[in-house]
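Examining the three-dimensional arrangement
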There are 2 protein chains.
Amino acid sequence: MGKSYLIVPDGGVTTPKGFKAGGLHCGLKKTERNDLGAIVSEVPASAAAVYTTNLFQAAPLQVTRESLAEEGLLTAVLVNSGNANACTGAQGEADAYAMRAQIAEALGVAKHQVAVASTGVIGEPLKMDRVSAGIERLPECLKGGAAGSDDFCQAILTTDLVKKTACVRVVVDGQEVTIAGAAKGSGMIHPNMATMLGFVTTDAAIGAPALQTLLRDITNLTFNMITVDGDTSTNDMLVAMANGLAGNAELTPAHPDWAAFAEGLRYVCEELAKAIARDGEGATKLIETTVSGAASDADAQAIAKTIISSSLVKSAAFGADANWGRIIAAAGRAGVPLNVNTVDVRLGDILVLEQSRPVAFDEEVALAYLKGDTVAIRVDLHMGSGQALAWGCDLTYGYVRINASYRT
Amino acid sequence: MGKSYLIVPDGGVTTPKGFKAGGLHCGLKKTERNDLGAIVSEVPASAAAVYTTNLFQAAPLQVTRESLAEEGLLTAVLVNSGNANACTGAQGEADAYAMRAQIAEALGVAKHQVAVASTGVIGEPLKMDRVSAGIERLPECLKGGAAGSDDFCQAILTTDLVKKTACVRVVVDGQEVTIAGAAKGSGMIHPNMATMLGFVTTDAAIGAPALQTLLRDITNLTFNMITVDGDTSTNDMLVAMANGLAGNAELTPAHPDWAAFAEGLRYVCEELAKAIARDGEGATKLIETTVSGAASDADAQAIAKTIISSSLVKSAAFGADANWGRIIAAAGRAGVPLNVNTVDVRLGDILVLEQSRPVAFDEEVALAYLKGDTVAIRVDLHMGSGQALAWGCDLTYGYVRINASYRT
């Protein structure tokens, strides 16, 4: 069965109809890299968002929540990097509101149609004079096409090594619908946490409630199935905007092309999530864990996430060590039932444990496989039909270096 | 208020009356270090044990469980290092039973009065010819005093850098009661997991059920509040033996000296637990996290364990980075309610966050403190009277080196 979507290799957040984006350097980052950016739709877009579950939430999340609660529509999203505006008290809240008000006025849109996001230093007040001067210049920097997308992608990075973007096309009602996304994550910030920010644009017509439900479901299978170090940030946020310019009939779960759209959106989110995992601090490889044969999908997810979060598994991946003992030990402490006598473990296609018993395998072949830039850990529990996928990265000297010595 | 116990600086598992111990090299370890050891009581002792919660449990745990279920009495505990006898199937079970039978016969005690424990390689069959020859020689190696304790302590180590032992005296019914313990943990094994083994000896008179309840409660406050990397092993086990030779009236919760005994046992377990954390793979320092002012002790425990488990917090400790942002981010994802506006954070005595707002502090003073070999992280939530203590270690290049490159 073919995929319902067509990958657009060079696509970005400006590829869907009616979106422009841009970025500039306003002075929050020490380098000359962009640190302020925006995505703007030419018409108000149905909006949805998912936020960090951390109890400490940065001011911009509260402001964005308020915006979406009003009408479920967004025309613009404004992002700064270099300062997270977190743990900044009443001043931080006032600053986030001021950012929203200024960009709304500059673009001539209602305040509640603007979302704001921040990533960077925690506990330091925003240099609002610089932000404000930047917002003033921002509208003239907005562009369509690759240039706008690139400028925006750079503006949201902290210490990410690569820009992260994905784009697909699906057909809905015979119309070409485009779905795109940009993300940042795993960057080092000061005093640092790895903030995850994601932005999805689409020209599909879809109501905000349906988009919210779909975004939440897909987030649980993609962004919520990655880990770099198990820590969640005060600023994590994923925002989606659907401006309807593709001209399709409004997408709902009853629409015949709903599944195609959902599959496309899932692909975009999964690609961004995997890109974040692969670009994890100090990472040299992507680890993809597949758990099958579980009693339920939820059980499979719990096991996959425990494996991908294990420091021992992550270190073994860095060392190209075919260490199945650590994999089953992680599975065994995931807090869900499993049959300890029926577990198979594969590293790529190499069977290393069958029915919970060690299998003799060629260490040289395993070493060669594990030295690659992607390692698949496949666990089959032989209990039921539950399955899950999770992504992470190896634990390396680089991770320790980045996170031990940043402030000194 | 004074402590109820007196610390015995050079004490070990043979210090309580009626215990001998010993160890020898039987050939499971590649080096000449001891790899087989035992503790023997001259009379049957009330016994209690706590086991790993990992669903994958090594064969010796099952055999020990069976022994204790019979009468709640132990006369001896036999331990080997160098091979965990885990994931070894029916042969592994047969080997664990054979070890128990042989040492029981050699000592002239009932099989069900013997516990067995193993730590080391997973998934490889025990070299039973070597183990068996070692067991034959073991009874003549048993000694009282420091020599017996030392030989035993060496026999249970894998890659631990230091032997771990603790001993206290308490007064019960006017009689001197001694409580001692030995532990190993955080060692590198192949294909490795950090097994925790702990052994407590006491000459107190106490019934098995009371000892079991007390041991479980104290384990929850000590061994269960440490983490090196969040992974639990297939072989973790803590065994306590109380032989009653001190001559006190049987200890029960109603006994006037129950609290004194409990306090002494807690001290022994806490010292062993802290020694394991400090000797964590690659660790350069002990991290002690205190959470106070929580809604409940359980909430405080959840937060303390989340902080101590955070790779970001652990890396910051290695880098002597006064990184309070990571501490509150960990607290905020612990899964328990907290007031995000009333949190104080101290590093040692240095206040860095007050009522959730950053406090200016002297970075030089903080750096000097954080470079020490013990770092205290103190979090006060100002919500209630719940409190908890947890211990861990820093995340270092050494941890990655040990765990990435062992097999290659």
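The structure displayed is predicted, hence computed values, not measured ones.

Considerations on the relation of the copies chain B and chain A
The transformation that overlays chain B on chain A combines an axial shift of 0.0 Å with a rotation of 180 degrees, and the residual RMSD is 0.0 Å. Given the turn and translation reported, the copies of this chain are related as if by a two-fold rotation axis. By C-alpha distance to the rotation axis, the residue of chain B lying nearest is Tyr397 of chain B, at 2.7 Å. Residue by residue, 100% of the interface of chain B is reproduced at the interface of chain A, so both copies engage with the same surface.

Some words on the UniProt feature "binding site: substrate" (unreviewed entry) in chain A
Residues and elements named next belong to chain A. The sites that carry the UniProt feature "binding site: substrate" (unreviewed entry) are, in the present numbering, Thr158, Lys184, Thr195, Glu281, Asn403 and Thr408. Tracing the backbone shows Lys184 in strand β7 (residues 175-184). A relative accessible area of 0% means that Lys184 is categorised as buried. Once you skip the residues sitting within four places of it in the chain, Lys184 turns out to touch Thr119, Ile156, Leu157, Thr158, Asp160, Lys164, Thr195, Met196, Leu197 and Ile276. Inspection of the secondary structure assignment puts Thr195 in the loop between β7 and β8 (197-202). Of the residues examined, Thr195 reaches a relative accessible area of 1% and is grouped as buried.

Details of the domain arrangement of chain A
Residue and element names in this part refer to chain A. By domain assignment, chain A separates into domain 1 (5-278) and domain 2 (286-404). Between domain 1 and domain 2, the contact holds 15 residues from the first and 19 residues from the second. Carbon and sulfur atoms make up 57% of the area that domain 1 and domain 2 hide from each other, which totals about 1400 Å². Per-residue buried area on domain 1 facing domain 2 is highest for Met225, Thr227 and Arg278; these three make up 43% of the total on that side. Asp373 is the partner of Arg278 in a salt bridge, and the nearest nitrogen-oxygen pair spans 3.7 Å. Elements with a contribution of two residues or more to the side of domain 1 that touches domain 2: α5 (208-221) and α6 (258-278).

Section: the sheet that holds strand β11 (residues 344-347) of chain B
Within a sheet, neighbouring strands are paired by backbone hydrogen bonds and run either parallel or antiparallel to one another. Residue and element names in this part refer to chain B. Strand order in the open sheet formed by six strands is β13-β12-β11-β14-β10-β15, with mixed pairing between adjacent strands. The open sheet terminates on both sides in strands that have one partner only, identified here as β13 (357-358) and β15 (386-393). One ladder, built from two bridges, connects strand β12 (residues 350-354) with β13; its direction is antiparallel. Each bridged residue has a counterpart across the sheet, and for Glu354 the counterpart in β13 is Arg357. Running at roughly 130 degrees to β11, helix α9 (residues 324-332) makes contact with β11, β12, β13 and β14 (374-380) of the sheet.

What to know about the interface of chain B and chain A
Counting residues at the interface gives 57 residues for chain B and 57 residues for chain A. Here chain B packs against chain A, burying approximately 4700 Å² in sum over the two surfaces, 59% of which is carbon and sulfur. Remark: the boundary between chain B and chain A carries zero salt bridges. At the junction of chain B and chain A, the tally comes to four residue pairs in polar contact (both at pLDDT 80 or more). Contributions of two or more residues to the side of chain B that touches chain A are made by α8 (311-318), α9, β13, α10 (363-370) and α11 (397-404) of chain B. Take the side of chain B that touches chain A: its biggest share by element is seven residues, from α9 of chain B.

About the thresholds
- Residues numbered from 1 in each chain as written.
- Chains lettered and ligands numbered in written order.
- Predicted model: local features only at pLDDT ≥ 70, side-chain atom pairs only at ≥ 80, totals over all residues.
- Heavy atoms only, no water.
- Least-squares fit on C-alpha atoms with pLDDT ≥ 70 in both.
- Contact = heavy atoms within 4.5 Å.
- UniProt positions renumbered as here; feature names shortened; annotations may be inferred.
- Helix = DSSP H or I, 4+ residues; strand = E, 2+ residues; numbered from the N terminus.
- Buried < 20%, exposed > 50% of the residue type's maximum accessible area, 1.4 Å probe, protein only.
- Domains from an automatic or database assignment.
- Buried area = accessible area lost by both parts, 1.4 Å probe.
- Salt bridge = Lys/Arg side-chain N within 4 Å of Asp/Glu carboxyl O.
- Pairing = 2+ DSSP bridges.
- Axes fitted to C-alpha atoms, helices over the stretch in contact; angles between N-to-C directions.
- Polar contact = N/O pair within 3.5 Å; in protein donor to acceptor, adjacent residues only side chain to side chain.

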